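Overview (structure and organization)
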Amino acid sequence: RGHGRGKDQPFGVRGESNDGWQDNSNIRDRWSKEDYKFSASGRGRGRERGQGREGGGRRNDTNDLADGFKRTGNDGREGEERKTERYIPPEPTDDENVMFGNKITKGINFEKYDQIKIKVTGENIPRPVASFEDCQFRKILIDNIKKSGYIKPTPVQKHALPIIRDGRDLMACAQTGSGKTAAFLIPILHNLLENSAPANPGRPVAPQVIICSPTRELAIQIFHEARKFAHGSTLKICIAYGGTVIFHQAQNVLKGCNILVATPGRLNDFVEKGTVTFSSVQCFVLDEADRMLDMGFLPAVEKMLLHESMTTSGERQTLMFSATFPEDIQRLAGNYLLNYIFLAVGIIGGACSDVEQVFYEVSKFDKRSKLVEILKEQSTADNKLTLVFVEQKRNTDFIAAFLCENGFPATSIHGDRLQSQREEALHDFKTGRMPVLVATAVAARGLDIKNVAHVINFDLPKSIDEYVHRIGRTGRLGNRGRATSFFDSSADSQLAPQLLRILEQTGQEKPAFLVAAQGSISIGASGFEFGDPGFGGEDVRGADSFLNSDRQYGGAHAIEEEEVW
């Protein structure tokens, strides 16, 4: 039936996958046929409350993003009790074929990356590098970089690698799919290896590096990337995120931890319970920092950075990465950074030009038939995947079931699904078992999935930066991608001016209905314009603040020699 696993397949069996999990079926029960029955209310398939495995504890799935931020009911509806489960994630694999087998290969447009404009401001800026070897990283790191398929650093990596290696604070903005995760992981691992950092087992455990992510799925991805680059070293990488048995994760952390990748709610919980202390933190990283510093996550982030055990900004290195850095977020972030360097790569807040953007004017009631029409037309060759974004959680399961009924195997991911279901859905999508994933914003931030050739905005988001993050799931590392959006003039007109600017910036066709919708918008209603500091393309501190500020690089002129890709 498409939507979910069959009754004879144990949940969590990852032995044949390529996403870093291995078989852990000995601690899992089997799904029953009833577990997968799609409910009449459209809530989706999944375990009923109380069904679970032996061991672990109970939990409450609370939201679409990380953990610890409660919302009432389902999509705000009170009186509906959330399902719970006792979930222990499968153990990650040490099989190199699996660890290094899920890389996104560079595309035919990868060479264009050297033409991207780069702007760096701050004092005593380290020079960019032309190759990974120029950074003089430890041999074990260079070997793992090569195994990962990395030949030449991307622009953000060329600049961020030496900055982070030298211990400087950094605020970095770069387009989606530009290699930001490796840009901070590799030099962090090098510095830990250089300093022979101990794993510090015991209670409380004192990791040297904290990496915070707004979503559980992104935290899992960063965790696997960190383990991959650290493979064969003595460094211990741990993860902590909501929706899982807390005791199990705490046990792993207490065995010793150099790098802890976590979502904010679970991390603060560990600190409050005395499982983790910030007293040895040498480096603190906020990935998707614009989201981490908005009003939804700001209290949790401030709780960490202002905690009595947290090292001061002068004692620790603080790194913030995102595809967008609005001016107000920059000013807020500056409170936790010391003499930082600001790095902007490409057109901040803009879309990648490798993504072909197509718009259809579709009314609310015609979207489903248009979706089926598009899926029928597209090629299914080469195991290409399609990611469909919707705004409301309650619609994801409904649309996934609708697609299954029309012959398109699909699954869904959103905040009301149990964590085991979320991970299972993402696994089925990555492996191509379910080539269509219907998702809410939980999948829009940072996820790096091989073979995503098409992103469809069934519902357009309310903000342009969320649109940029969504379509950035395709067209990564020079690969070409396609983004199709359904534009409903009764609901999406406020976004029209900014969508037109995105299309102009990437040199793509502007549909007449978008131009007409722009004409109906009152002046000032369209939000930020590209090139304005609102999207984070300019350092809000101003060029006059620095001794050797405002270094600009024009792509190929920044690096002296031509190299083989």
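Definitions and limits used
Residues numbered from 1 in each chain as written. Predicted model: local features only at pLDDT ≥ 70, side-chain atom pairs only at ≥ 80, totals over all residues. Heavy atoms only, no water. UniProt positions renumbered as here; feature names shortened; annotations may be inferred. Helix = DSSP H or I, 4+ residues; strand = E, 2+ residues; numbered from the N terminus. Buried < 20%, exposed > 50% of the residue type's maximum accessible area, 1.4 Å probe, protein only. Contact = heavy atoms within 4.5 Å. Areas by Shrake-Rupley, 256 points an atom, 1.4 Å probe, with all protein chains shown as cover. Phe/Tyr/Trp six-rings, centres within 6.5 Å; stacked < 30°, edge-to-face > 60°. Lys NZ or Arg CZ within 6 Å of the ring centre and 35° of its normal. Core = buried A, V, L, I, M, F, W, Y, C linked by side-chain atoms within 4.5 Å.

Taking an unreviewed UniProt entry as the reference, the protein is identified by name as RNA helicase belonging to Oncopeltus fasciatus. Under the Sequence similarities (unreviewed entry) heading, UniProt states for the protein: "Belongs to the DEAD box helicase family." Annotation of the protein in UniProt includes, under Catalytic activity (unreviewed entry), the sentence "ATP + H2O = ADP + phosphate + H(+)".

**Examining the overall build of the protein**
Check the secondary structure of the protein and you find 17 helices and 15 strands. Counting across all 565 residues of the protein, residues that qualify as buried make up 61%. Partitioning the intrachain contacts of the protein with sequence separation of at least 6 by distance along the chain shows that 79% fall at a separation of at least 24. Taken as a whole, the protein presents about 22,100 Å² of accessible surface, with 47% of it coming from carbon and sulfur.

**Re the packing of aromatic side chains**
Working definition: an aromatic ring pair is given by the centre-to-centre distance plus the angle between the planes. Scanning the entire structure with this criterion turns up six aromatic pairs. When the ring of Phe-359 is compared with that of Tyr-467, the centres are 6.2 Å apart and the planes differ by 25°; the resulting orientation is stacked. One end of the pair, Phe-359, is in strand β9 (residues 355–361); the other, Tyr-467, is in helix α14 (residues 464–471), and 108 residues separate them in sequence. With respect to burial, Phe-359 and Tyr-467 carry one shared label: buried. Every member of this aromatic cluster is reached through a ring pair, and the members are Phe-132, Tyr-150 and Phe-229. Here Arg-368 stacks its cationic end above the ring of Phe-402, 5.2 Å away from the centre of that ring. The ring of Tyr-360 is capped by Lys-370, whose NZ or CZ atom sits 4.2 Å from the centre of that ring.

**Some details on the UniProt feature "domain: DEAD-box RNA helicase Q" (unreviewed entry) in the protein**
According to UniProt, the "domain: DEAD-box RNA helicase Q" (unreviewed entry) feature falls on residues 130–158. Between the C-alpha atoms that bound residues 130–158 the distance is 6 Å, and the span itself is 45% helix and 0% strand.

**Points about the nonpolar core**
Taken as a class, soluble globular proteins show a tendency for nonpolar side chains to be buried jointly. If you look at the biggest cluster of nonpolar residues, it comprises 52 residues, and the most contacted ones within it are Leu-170 and Ile-188. Per-element accounting of this core gives the leading share, nine residues, to helix α4 (residues 180–194).

**Concerning unusual backbone geometry**
A cis amide bond links Arg-203 with the next residue in sequence, Pro-204, at an omega value of -5°. Summarising the element assignment, Pro-204 is placed in the loop between α4 and β3 (209–212). The phi dihedral of Asn-200 falls on the positive side, at around 50°, and the residue is not glycine. Considering the arrangement of structural elements, one finds Asn-200 in the loop between α4 and β3. Taking relative accessible area as the criterion, Asn-200 reaches 25% and is therefore assigned partly exposed.

**As for helix α11 (residues 367–377)**
Among the residues of α11, Lys-367, Lys-370, Leu-371, Val-372, Ile-374 and Leu-375 are the ones counted as buried. Next to the buried residues of α11 lie β9, β10 (385–389), α12 (393–405), β13 (452–457) and β14 (481–487).

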